[in-house]
Amino acid sequence: MNNNGADSQSINALIVFKKKGENDNPFVSVLCDAIRTAGINVRYSQKEFWESDAAYDIIHFQWPEEVVGWNCKAPDIIRRLKERIAFFRSRGTHFIYTRHSICPHCANDIISQAYDIIESESDIVVHMGHYSQTEFIKKHPGSRNVIIPHHIFQYTYKENISIERARQYLRLPQEAFIVTAFGKFRNWEEIRMVAGAFCKWNKANKLLLAPRFYPFSKHNKYGRNLLKRGLSRLGYYLVMPLLNRFLKFYAGVNDELVDNYDLPYYIAASDVIFIQRKDALNSSNAPLAFLYRKVVVGPATGNIGEILTATGNPTFDPNNQEDILQALEKARTLSAWRQGERSHDYALKYMNIYKIGKEYAKTYKDAITLIK
């Protein structure tokens, strides 16, 4: 297994990620294919990390939650994680970590410890922007770091969808100016930020498209808590339709996933993509929007603000509503000036899967040849 020359064809790599179903986040599957195009023998599995004794030159962590479980509360998982890393390292394995988040979305002590272990045990940490690298080095001054951008989702979704066809498919008005906030709204702060700014924005024929917006549910989400369950269903069947009509929203509930077949229609139907995160490090919505030639507006925070600024898309202070309104107005203007085309050209040059695959392959080789 030890590859002194680190020839691509002889490198065996495992990305720790659990395949869940058709609506799974395609980041890892697309990345895996991209790395294979560079000649690396790579696969992804969570089960292999925990149960297999197979020999790997590289084990590549993504989200630490994918390693231990997104809602993990097992007290012995940290001990087991340390033991598995020590086992593989004793056989010559090197570890790579792609940093998606600064800290867990739903933090508990066990998952926070998993973050600390994976960050400190990884031989090379991959960042999707300079912001992440600079922040990480302050915490881990002796670490090895490299910047590899978020790849675009080429050949993943249907791409040749016109804006007219997409709106027809989703039954959206053709004449509307549509701002889409894609992805699950995680908390009330995100809901208030987007709803407050959009309602105050003085734009004719505006429509907010937010398929995972409301914290309601038609399902038995709250178990035996009859009051919460009743309020949630009331919100789904009564409050949500009234708010959508009154506020000019086309919004759904946050516990219902968007089918992968439908996903490109939401992006293609949009004039502007709005990234609703207030303090996130990265967002896959920017590269997804670039692929479909859309203007993106998002927070001037983390790597998100960095990539939007580099591509000429507007950013805002997420705690300043006037700043958000100015960014929305700028995005409206840029959409008429074909800013989406320029972002698409940038993404094809710097974020295409072949380039990203080669950069990860080089990182794998560097971990093997430079780190003893």
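Preceding block: the structure.
Values in this document were obtained by computation on a predicted structure and should not be read as measured data.

Colleague: For this particular structure, what's the right way to read the environment of isoleucine 324?
Modeller: By the element assignment, isoleucine 324 lies in helix α13 (residues 321-336). Residues isoleucine 324 and glycine 298 lie 26 residues apart in sequence; the distance between their C-alpha atoms is 8.6 Å. Aside from chain neighbours lying at most four places away, what touches isoleucine 324 is Met193, Ala197, Phe274, Phe316, Asp317 and Pro318.

Colleague: Explain the packing of helix α12 (residues 302-311) against helix α14 (residues 339-350) here, please?
Modeller: A pair of packed helices is captured by two measures, namely the crossing angle of their axes and the spacing between those axes. One can describe the packing of α12 onto α14 by two numbers: an axis separation of 9 Å at closest approach and a directional angle of 110 degrees. Regarding the angle of α12 to α14, the classification is roughly perpendicular. Listed contacts from α14 to Ile307, Ala310 and Thr311 of α12 are Gln339, Ser343 and Tyr346. Considered class by class, the residues forming the contact of α12 with α14 number three nonpolar, three polar and no charged.

Colleague: Where do I start with the pairing of strand β11 (residues 295-299) in this structure?
Modeller: Across a regular strand the side chains alternate sides, sitting on one face of the sheet and then on the other. Across the five residues that make up β11, a large majority, five, are buried. As paired strands, strand β10 (residues 272-274) and β11 are joined by three bridges and run parallel to one another. Paired with isoleucine 273 across the bridge in β11 is valine 296. Following the backbone out of β10, through helix α11 (residues 285-291) and into the adjacent parallel β11, one traces a crossover that is right-handed. One ladder, built from two bridges, connects β11 with strand β12 (residues 315-316); its direction is parallel. Counted as the bridge partner of proline 299 is phenylalanine 316 from β12. With α12 bridging β11 and the parallel β12, this β-α-β connection has right-handed handedness.

Colleague: Explain unusual backbone geometry to me, please; I cannot follow it from the model alone.
Modeller: Leaving glycine aside, a negative phi is the common case for residues, and trans is the common case for peptide bonds. Its identity is not glycine, yet arginine 171 carries a phi of approximately 60 degrees, on the positive side. Mapped onto the elements of the fold, arginine 171 is located in the loop between α7 (163-170) and β7 (177-180). Of note, arginine 338 is a non-glycine position whose phi angle comes to about 60 degrees, a positive value. Tracing the sequence through the fold places arginine 338 in the loop between α13 and α14. We classify arginine 338 as exposed; its relative accessible area is 55%.

Colleague: Would you mind going over the packing of aromatic side chains with me for this structure?
Modeller: Two descriptors summarise a pair of aromatic rings, namely the distance from one centre to the other and the angle between the planes of the rings. A full pass over the atoms with the stated rule returns 23 aromatic pairs. Judged by centre distance (5.3 Å) and plane angle (70 degrees), the rings of phenylalanine 87 and phenylalanine 88 are edge-to-face. Overall, the relative accessible area of 0% leaves phenylalanine 88 in the buried class. Consider the rings of phenylalanine 153 and tyrosine 157, whose centres lie 6.3 Å apart with planes at 65 degrees: the pair is edge-to-face. The class of phenylalanine 153 is buried, set by a relative accessible area of 2%. Linked through ring pairs, Phe177, Phe185, Phe198, Trp201, Phe213, Tyr214, Phe216 and Phe249 together constitute an aromatic cluster. Here the guanidinium or amino end of arginine 80 rests over the ring plane of tryptophan 50, the centre of that ring lying 4.6 Å away. In this structure, lysine 206 is placed above the aromatic ring of phenylalanine 198, and the distance from its NZ or CZ to the ring centre is 5.1 Å.

Colleague: What am I meant to see in the nonpolar core here?
Modeller: Most often, soluble globular proteins keep nonpolar side chains buried together rather than apart. If you look at the biggest cluster of nonpolar residues, it comprises 36 residues, and the most contacted ones within it are Leu172, Leu263, Ile267, Leu288, Phe290, Tyr292 and Val296. Of all the elements in the fold, those that place two or more residues in this core are α1 (27-37), α7, β8 (206-214), α10 (263-268), α11 and α12. Contact partners of valine 296, with chain neighbours within four places excluded, come to Ile273, Ile275, Ala286, Ala289, Phe290, Leu308, Asn313 and Pro314. Met193, Ala197, Phe213 and Phe216 belong to the second largest nonpolar core, which has 32 residues in total.

Colleague: Is there a simple way to think about the packing of α1 against helix α15 (residues 353-370) in this case?
Modeller: As a packed pair, α1 and α15 sit with axes 7 Å apart at the nearest point and diverge in direction by 75 degrees. Comparing their axes, α15 and α1 come out roughly perpendicular. Taking contact as the criterion, the partners of Val30, Leu31, Ala34, Ile35 and Thr37 in α1 are, on α15, Ile353, Tyr354, Ile356, Gly357, Tyr360 and Tyr364. Residue composition of the contact of α1 with α15, grouped by class: nine nonpolar, two polar and no charged.

Colleague: I tried to follow helix α8 (residues 188-200) on my own but got confused; where do I start?
Modeller: For an α-helix, 3.6 residues make a turn, and residues three or four places apart therefore share a direction. Spanning 13 residues, α8 covers 18 Å between terminal C-alpha atoms, matching the ideal 18 Å at 1.5 Å per step. Of all the positions in α8, only Glu190, Ile191, Met193, Val194, Ala195, Ala197 and Phe198 are classed as buried. The distance from a side-chain oxygen at the start of α8 to the backbone nitrogen of glutamate 189 is 3.1 Å, and the residue carrying that oxygen is asparagine 187.

Colleague: Please clarify how the pattern of salt bridges should be interpreted in this entry.
Modeller: Two side chains bearing opposite charge may form a pair once their charged atoms approach each other closely. With the rule as written, the count across this model stands at 19 salt bridges. Residue arginine 89 is joined to aspartate 123 by a salt bridge in which the shortest nitrogen-to-oxygen separation is 3.3 Å. Taken together, the residues span a long stretch of sequence, with arginine 89 in helix α4 (residues 77-90) and aspartate 123 in the loop between α5 (109-121) and β5 (124-127) at a distance of 34 residues. Take arginine 89: its relative accessible area is 31%, and that puts it in the partly exposed class. Arginine 99 serves as the salt-bridge partner of glutamate 135, at 2.7 Å between the closest nitrogen and oxygen. Taken together, the residues glutamate 135 in helix α6 (residues 130-139) and arginine 99 in the loop between β4 (94-98) and α5 connect sequence positions 36 residues apart.

Conventions adopted
Residues numbered from 1 in each chain as written. Predicted model: local features only at pLDDT ≥ 70, side-chain atom pairs only at ≥ 80, totals over all residues. Heavy atoms only, no water. Helix = DSSP H or I, 4+ residues; strand = E, 2+ residues; numbered from the N terminus. Contact = heavy atoms within 4.5 Å. Axes fitted to C-alpha atoms, helices over the stretch in contact; angles between N-to-C directions. Parallel < 35°, antiparallel > 145°, perpendicular 65-115°, else oblique. Nonpolar A, V, L, I, M, F, W, Y, C, P; charged D, E, K, R; others polar. Buried < 20%, exposed > 50% of the residue type's maximum accessible area, 1.4 Å probe, protein only. Pairing = 2+ DSSP bridges. Right-handed = clockwise from strand over helix to strand, strands pointing away. Phe/Tyr/Trp six-rings, centres within 6.5 Å; stacked < 30°, edge-to-face > 60°. Lys NZ or Arg CZ within 6 Å of the ring centre and 35° of its normal. Core = buried A, V, L, I, M, F, W, Y, C linked by side-chain atoms within 4.5 Å. Expected span 1.5 Å × (residues − 1). Polar contact = N/O pair within 3.5 Å; in protein donor to acceptor, adjacent residues only side chain to side chain. Salt bridge = Lys/Arg side-chain N within 4 Å of Asp/Glu carboxyl O.

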